[in-house]
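Survey of secondary and tertiary structure
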Amino acid sequence: MTDLPTKTDRTLGLVIDLDTCVGCHACVISCKGWNTENYGAPLSDQRPYGTEPMGTFLNRVHSYEVQPEQGNAQTVHFPKSCLHCENAPCVTVCPTGASYKRVEDGIVLVNEDHCIGCGLCAWACPYGARELDQAEGVMKKCTLCVDRIYNENLPKEDQIPSCVRTCPAGARHFGDLSDPNSDVSQLVESRGGFDLMPEMGTLPVNKYLPPRLKDSWDDQSLLAPLLEPVAEEPKGFLGWLDNALDKLPGGTA
Amino acid sequence: MHPAPSVIVFSTLSGLGFGLLFWLGIDANPPTGLAAFIFFAIAFALAVGGLLSSTFHLGHPERAWRALSQWRSSWLSREGVSAILALLCMGIYAIDLIFLQIHATALGLIGAALSLFTVFTTSMIYAQLDTVPRWKTPLTPALYLSFSLAGGALLSGRVNFAILLLVIAAICQFIWWQRGDVALSDSGTDLGTATGLGERGTVRSMAHPHTAPNYLVKEFIFVIGRKHAQKLRRIAFGLTFVLPIICLLLPFSHVLAIIAVFSHIAGVATSRWLFFAEAEHVVGLYYGAR
Ligand code: SF4
Ligand code: SF4
Ligand code: SF4
């Protein structure tokens, strides 16, 4: 049934720190690696070694430049995967019931055996979080690594999403956003986490933490005094040598 | 949005087909026998042909029956259910008229209502999408319904109704285009709200996630179509409305009637191509496009 649950027991999701993300794309690769071998159909590639190679990805990293009215521009690397919206439009438009939101943890999933590949859910998602796999003809999207987070066969530290586990900068955090005391909720609270396109009314679960403001070049740097030239004019023996050499004929100065 | 040929064929043909079925269903003196056979054959060919073509773009057409299950929440599902019910009603109604010379008035009226409702559900698939501001308006159902009614009147030979409805459809189309051109900027969604960084300054896309295009870029960002949009709009307007109305106003001849019908069909197809090609999906913003 593609009606949305009125309430979910937990609200699992990601918190993505735009201040720490270095744009290395490690999460993109680990997501592709994990998800092509596990839940559902593999994530196919088209012409991987040819011209215009393309493929299905559940997580992609954009890079933006923000130019404030004054001062220097700031580069922001911007990872984007499904935000597991509470008011997910992708679920209600689905004609087959293949798309659904789980009552127990709020994860939005696709039942690939029922999906007819009509693509309407990808049209309904404002974030570009769903991609129709060109080889399998079914809709693929981030599963919040549902096959890791509950997987007792994995060591405890691996029972988190693959992208979170991989990120070398610690820019991705996973947890229950309905629990105000969870680490992720605390992060959102203290750093002023925000929603993407709030005007769409999708109520995304995933939150983004803003980049901290950039240092200004105009401010005096702590190290600057240490980098000053120690002596402007040579003194002592070097001073005498400098003078003596100047007096010799043949100088250019 | 990528203008997929199968979807354009579908919405052009089945809109006309269900429009024709509507007029046949409410007809107080419907044709019988051979005449009825010809009219219903055309209507069913258009409606069913359109529906079949729409399954061509599915990843798994063999599972299409599953799309009938979610009518409580999904407009696409409602479209499927409504189309089947309309075709069933009108099929029985047609058999009665062709072979038994019986005019099942009530069945015809129900079938006509379902036919029109089917066109409405098609339009709602687009009009419900917040992600495509150009489509997200009650004018979209008005556009689809007026086109379908006008085309049906034209195909069923109702000259006066056809002229009146073509004028109404032309007005809907004109307003729809005018509103559409400012819909995205009026929606307030831009790269600033998409990234949540808009309050800090002007956001510019510096690097796409991958150097080559992907499914999202191919499906949602179609900028080639916009180059000739104004020219195509004039062509669509002339073919859909102006030429057919002139043909209908001239003294009746079969040649003129046929010109009117084919001009109208070509015009609707052009208008539908623009409907997709000009539509901006907000995902394009993430790629620095619109
Ligand atoms: S981000 Fe897109 S795919 Fe994910 S729940 Fe929200 S609307 Fe659906
Ligand atoms: S592509 Fe699959 S999951 Fe998406 S709306 Fe169509 S049937 Fe549902
Ligand atoms: S949670 Fe899993 S599926 Fe989702 S983006 Fe991360 S690695 Fe990919």
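Conventions we followed
- Residues numbered from 1 in each chain as written.
- Chains lettered and ligands numbered in written order.
- Predicted model: local features only at pLDDT ≥ 70, side-chain atom pairs only at ≥ 80, totals over all residues.
- Heavy atoms only, no water.
- Helix = DSSP H or I, 4+ residues; strand = E, 2+ residues; numbered from the N terminus.
- Contact = heavy atoms within 4.5 Å.
- Areas by Shrake-Rupley, 256 points an atom, 1.4 Å probe, with all protein chains shown as cover.
- Core = buried A, V, L, I, M, F, W, Y, C linked by side-chain atoms within 4.5 Å.
- Buried < 20%, exposed > 50% of the residue type's maximum accessible area, 1.4 Å probe, protein only.
- Domains from an automatic or database assignment.
- Pairing = 2+ DSSP bridges.
- Axes fitted to C-alpha atoms, helices over the stretch in contact; angles between N-to-C directions.
- Phe/Tyr/Trp six-rings, centres within 6.5 Å; stacked < 30°, edge-to-face > 60°.
- Near = heavy atom within 4 Å.
- Nonpolar A, V, L, I, M, F, W, Y, C, P; charged D, E, K, R; others polar.
- Buried area = accessible area lost by both parts, 1.4 Å probe.
- Salt bridge = Lys/Arg side-chain N within 4 Å of Asp/Glu carboxyl O.
- Polar contact = N/O pair within 3.5 Å; in protein donor to acceptor, adjacent residues only side chain to side chain.
- pLDDT = per-residue confidence, 0-100.
- Expected span 1.5 Å × (residues − 1).

1. Quick word on the overall build of chain A
The helix and strand tally for chain A stands at seven helices and eleven strands. By its C-alpha atoms, chain A is 95 × 50 × 40 Å across when sized along the principal axes. Long-range contacts, defined as pairs at least 24 residues apart, comprise 61% of the intrachain contacts of chain A with a sequence gap of at least 6. A total of about 12,800 Å² of accessible surface is found on chain A, and carbon and sulfur atoms cover 54% of it.

2. With respect to the nonpolar core
In terms of nonpolar packing, the biggest core is built from 140 residues, with Trp123 of chain A together with Phe40, Trp135 and Tyr286 of chain B touching the most fellow members. Broken down by element, this core gets its largest block of residues, eleven residues, from helix H3 (residues 75–99) of chain B. Each of two domains, domain 1 (1–128) and domain 2 (158–290) of chain B, supplies a minimum of three residues to this core. With near-sequence residues (within four places) excluded, Trp123 of chain A lies in contact with Met1, Tyr126, Leu129, Thr131, Trp135, Glu219, Phe220, Phe276 and His281 of chain B. Counting residues in hydrophobic clusters, the runner-up holds six residues, among them Val184, Val188, Val205 and Leu209 of chain A.

3. Comments concerning the sheet that holds strand E1 (residues 202–207) of chain B
Taken in spatial order, the three strands of this open sheet run E5(A)-E4(A)-E1(B), and their pairing is antiparallel. Here the strands that pair on one side only, and so sit at the sheet edges, are strand E5 (74–81) of chain A together with E1 of chain B. Taking the axes of each pair of neighbouring strands and ignoring which way they run, one obtains an average angle of 35° across the sheet.

4. What about the packing of aromatic side chains?
Residue and element names in this part refer to chain B. Counted according to the given criterion, the structure contains 26 aromatic pairs over all chains. Here Trp23 and Phe161 contribute two aromatic rings whose centre-to-centre distance is 5.1 Å and whose plane-to-plane angle is 40°, an arrangement assigned as tilted. On the criterion of sequence distance, the pair formed by Trp23 in helix H1 (residues 5–26) and Phe161 in helix H6 (residues 159–187) is long-range, its members being 138 residues apart. Trp23 gets classed as buried once you look at its relative accessible area, which sits at 7%. Summarising the aromatic geometry, the rings of Tyr215 and Phe220 are spaced 6.4 Å apart at their centres and angled 75° between planes, so their arrangement reads as edge-to-face.

5. Thoughts on the site of ligand 3
All names here are of chain A. Taken together, Cys31, Asn35, Asn59, Ser81, Cys142, Thr143, Leu144, Cys145, Pro161, Ser162, Cys163 and Arg172 are the residues near ligand 3. Broken down by secondary-structure element, the contributors of at least two residues to the shell around ligand 3 are helix H1 (26–37) and helix H5 (162–166). A class-by-class count of the residues in the shell around ligand 3 yields six nonpolar, five polar and one charged.

6. Re the domain arrangement of chain B
All names here are of chain B. Each domain of chain B was delimited in the assignment, giving domain 1 (1–128) and domain 2 (158–290). The distance between the C-alpha centroids of domain 1 and domain 2 comes to 24 Å. Every contact between the two is made by eleven residues of domain 1 and, on the other side, 18 residues of domain 2. Regarding the contact of domain 1 and domain 2, the summed buried area is about 1,500 Å², with carbon and sulfur atoms giving 72% of it. The tally of links between domain 1 and domain 2 comes to one salt bridge.

7. Looking at the pairing of E5 of chain A
Within a regular strand, side chains alternate between the sheet's two faces. Residues and elements named next belong to chain A. For E5, the buried fraction is high: seven of the eight residues fall into the buried class. In the sheet, strand E4 (residues 59–67) pairs with E5 via eight bridges, with the strands oriented antiparallel. Its bridge partner being in E5, Asn59 is matched across the sheet by Ser81. Joining the antiparallel neighbours E4 and E5 is a turn of six residues, in which Gly71 adopts a positive phi near 95°.

8. Focus on the site of ligand 1
Lining the immediate environment of ligand 1, one finds 13 residues, of which Cys82, Leu83, Cys85, Cys90 and Cys125 of chain A sit closest. Here the residues of the shell around ligand 1 are counted per class, giving ten nonpolar, one polar and two charged.

9. Re the pairing of strand E1 (residues 12–17) of chain A
All names here are of chain A. Taking burial as the measure, the six residues of E1 include six buried ones, the bulk of the element. The two faces of E1 match: Leu12, Leu14 and Ile16 on one face and Gly13, Val15 and Asp17 on the other face are all buried. Strand direction decides the pairing type here: E1 and strand E10 (residues 172–176), joined by five bridges, are antiparallel. Its bridge partner lying in E10, Leu12 is registered against Asp176. Pairing geometry for E1 and strand E11 (residues 207–209), over three bridges, is parallel. Counted as the bridge partner of Val15 is Lys207 from E11.

10. Description of the pattern of salt bridges
Applying the stated criterion across every chain, the model contains 20 salt bridges over all chains. Among the ionic pairs, Arg60 of chain A bridges to Glu131 of chain A, the shortest N-O distance being 2.7 Å. Taken together, the positions of Arg60 of chain A in strand E4 and Glu131 of chain A in strand E8 (residues 130–132) put the pair 71 residues apart, joining distant regions of the chain. As far as burial versus exposure is concerned, Arg60 of chain A and Glu131 of chain A are alike and both buried. Shared partners join several salt bridges into a network, and the residues in it are Arg134, Asp181, Arg233, Glu278 and Glu280 of chain B.

11. Regarding the interface of chain B and chain A
With 57 residues of chain B at the contact, the number on the chain A side is 63 residues. Both faces combined, the contact of chain B with chain A buries some 4,800 Å², and carbon together with sulfur accounts for 61% of it. Counting the surface chain B buries against chain A, the share from its top three residues, Arg200, Tyr215 and Tyr286 of chain B, is 16%. Counting the contacts that link chain B with chain A gives two salt bridges. Notably, a salt bridge pairs Lys218 of chain B with Glu52 of chain A, separated by 3.2 Å at the nearest N-O pair. In this structure, the connection of chain B to chain A is made through 26 residue pairs in polar contact (both at pLDDT 80 or more). Of all the elements in the fold, those that place two or more residues in the side of chain B that touches chain A are H3, helix H4 (105–127), helix H7 (191–195), E1, helix H8 (215–220) and helix H11 (283–286) of chain B.

12. Details of the confidence of the model for chain B
Here chain B shows a mean pLDDT of 94. Residues at 70 or above account for 100%. The ipTM, which scores confidence in the relative placement of chains, is 0.93 for this predicted complex, and the corresponding pTM is 0.90.

13. Looking at helix H2 (residues 33–54) of chain B
All names here are of chain B. The first and last C-alpha atoms of H2 sit 31 Å apart over 22 residues, in line with the 32 Å expected at 1.5 Å per residue. Residues of H2 that are buried: Gly33, Ala36, Phe40, Ala43, Leu46, Ala47, Gly50, Ser53 and Ser54. Lining the buried residues of H2 we find H1, H3 and helix H5 (139–155).

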